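# Breakdown of the fold
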Amino acid sequence: MDSQLSSIAAAVRTDLIGLDGVMKFSPNRRFATVYSEGSPADTLFFIDSGLVKIYKRGDDNKEIILQILGAGELFGEQALGTEPSRTIAAEVLQEGTIYVIPRDIFLRVCEKRPDLWREVSVLLTARKQQLEKKIELLCLRDVEYRILYYMADLARTFGAKSNGAEYSIPLSQGELASLIGATRETTSTTLNTLARKGVIRLGRRQLIVPSIDGVLAAADQRAKAAKAT
């Protein structure tokens, strides 16, 4: 967890959790909807543990995952804007503990702690940069490179397994397809190719990275091959 995220998490845990009106989200289980498109944008959320996906669904019912957020993350920031309703949706990806923070309570704490506003502004800027990177990947990189990029990124986010060598990513192949903006069939074919090369391993509803350096090296090789063609 970077220092900015740590600062926000510490502030939320110290100054917000425990206040009257701040409640635990329930039911907090996989596939539970935290909020949907069109729902009122009047609360923020804090992930104390677990994972949440932020996504957008198209008219054809296909979805694209915009972000995957983990412990220490604040989300639902549309509540801080002027739009009365959500334009994106959020769903529990891995069980944990999520707190629901009404907008007026969050704003009241921020008035007492101007430093929290600064930290939130930096967080929102970082989110914007992440979305800009996603657009770049969708427009300029092929499916294999996008898979390698996100496998390395998610491995860093979710941390190492108990043996300290491998990184387990709790995503299905379909969820990864939604994250990288590709069909499930193309994603599955590319994952199997990478698995045969030993770059990754496939498990049941999980993707395993034996080495982040190995994934990054494969991504670099893929990028150089694309430039050469």
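Notes on the structure in this doc start here. (Residues numbered from 1 in each chain as written. Predicted model: local features only at pLDDT ≥ 70, side-chain atom pairs only at ≥ 80, totals over all residues. Heavy atoms only, no water.)

Time to look at the sheet that holds strand 7 (residues 167–169). Spatially, the three strands line up as an open sheet ordered 7-9-8, and their pairing is antiparallel. On the outer flanks of this sheet lie strand 7 and strand 8 (201–203), each paired with one strand and no other. The average undirected angle you get between the axes of adjacent strands in this sheet is 25°. Both strand 8 and strand 9 (residues 206–209) contribute to a ladder of three bridges, which runs antiparallel. Counterpart to Gly203 in the pairing with strand 9 is Gln206. Running at roughly 105° to strand 7, helix 4 (residues 143–158) makes contact with strand 7 and strand 9 of the sheet. (Pairing = 2+ DSSP bridges. Helix = DSSP H or I, 4+ residues; strand = E, 2+ residues; numbered from the N terminus. Axes fitted to C-alpha atoms, helices over the stretch in contact; angles between N-to-C directions. Contact = heavy atoms within 4.5 Å.)

This part takes up the environment of Lys53. By the element assignment, Lys53 lies in strand 3 (residues 43–57). For the pair formed by Lys53 and Ser7, sequence separation is 46 residues and the distance between their alpha carbons is 22 Å. Not counting chain neighbours up to four residues away, the residues in contact with Lys53 comprise Glu63, Ile65, Gln67, Ile68, Ala89, Ala90, Glu91 and Leu93. A distance of 2.8 Å separates polar atoms of two side chains, one belonging to Lys53 and the other to Glu63. (Polar contact = N/O pair within 3.5 Å; in protein donor to acceptor, adjacent residues only side chain to side chain.)

A word on helix 7 (residues 212–228). Over its 17 residues, helix 7 runs 24 Å from end to end, which matches the ideal 24 Å to within 8%, given 1.5 Å per residue. Ile212, Val215, Ala218, Ala219 and Ala223 are the residues of helix 7 that are buried. Looking down the long axis of helix 7, one finds its buried residues gathered within 140° of arc, a one-sided arrangement. Residues of helix 7 that are exposed and angled more than 90 degrees away from the buried face: Asp213, Gln221, Lys224 and Ala228. Lining the buried residues of helix 7 we find helix 4, strand 7 and strand 9. (Expected span 1.5 Å × (residues − 1). Buried < 20%, exposed > 50% of the residue type's maximum accessible area, 1.4 Å probe, protein only. Arc of directions from axis to C-beta.)

Quick look at the packing of helix 4 against helix 5 (residues 173–180) now. Any two packed helices are characterised by how steeply their axes cross, that is the angle between the axes, and by the distance between the axes. Helix 5 packs onto helix 4 with a crossing angle of 105° between their chain directions and a minimal axis gap of 10 Å. Taken together, the axes of helix 4 and helix 5 lie roughly perpendicular to each other. Taking contact as the criterion, the partners of Val143, Arg146, Ile147, Tyr150 and Leu154 in helix 4 are, on helix 5, Leu176, Leu179 and Ile180. Here the contact of helix 4 with helix 5 is built from residues that sort into seven nonpolar, no polar and one charged. (Parallel < 35°, antiparallel > 145°, perpendicular 65-115°, else oblique. Nonpolar A, V, L, I, M, F, W, Y, C, P; charged D, E, K, R; others polar.)

Of all residues except glycine, most have a negative phi; of all peptide bonds, most are trans. A cis amide bond links Ser26 to the next residue, Pro27, at an omega of 0°. Mapped onto the elements of the fold, Pro27 is located in the loop between strand 1 (23–24) and strand 2 (33–35). Phi at Phe31 is positive, roughly 80°, even though this residue is not glycine. Along the chain, Phe31 falls in the loop between strand 1 and strand 2. Unlike most non-glycine residues, Asn61 shows phi in positive territory, near 75°. Positionally, Asn61 belongs in the loop between strand 3 and strand 4 (63–69). Taking relative accessible area as the criterion, Asn61 reaches 54% and is therefore assigned exposed.

What follows covers the pairing of strand 6 (residues 89–102). For strand 6, the tally of buried residues reaches ten of 14 residues, placing the bulk of the element in the interior. Relative to strand 6, strand 1 runs antiparallel, the two sharing two bridges. Across the sheet, Lys24 pairs through a bridge with Tyr99, a residue of strand 6. Sheet topology places strand 3 next to strand 6; eleven bridges connect them, and they run antiparallel. Paired with Val52 across the two strands is Val92, which belongs to strand 6.

Okay, the nonpolar core next. Ranked by size, the top nonpolar core spans 33 residues in total, and within it Ile147, Met151, Leu171, Leu179, Val209 and Val215 carry the most contacts. Of the residues forming this core, the biggest block, nine residues, is contributed by helix 4. Each residue touching Leu179, except ones within four places of it in the same chain, is listed here: Ile65, Ile68, Lys134, Tyr150, Leu154 and Leu171. Counting residues in hydrophobic clusters, the runner-up holds 19 residues, among them Leu74, Ala79, Phe106 and Val109. (Core = buried A, V, L, I, M, F, W, Y, C linked by side-chain atoms within 4.5 Å.)

These figures come from the coordinates and say nothing about function on their own.
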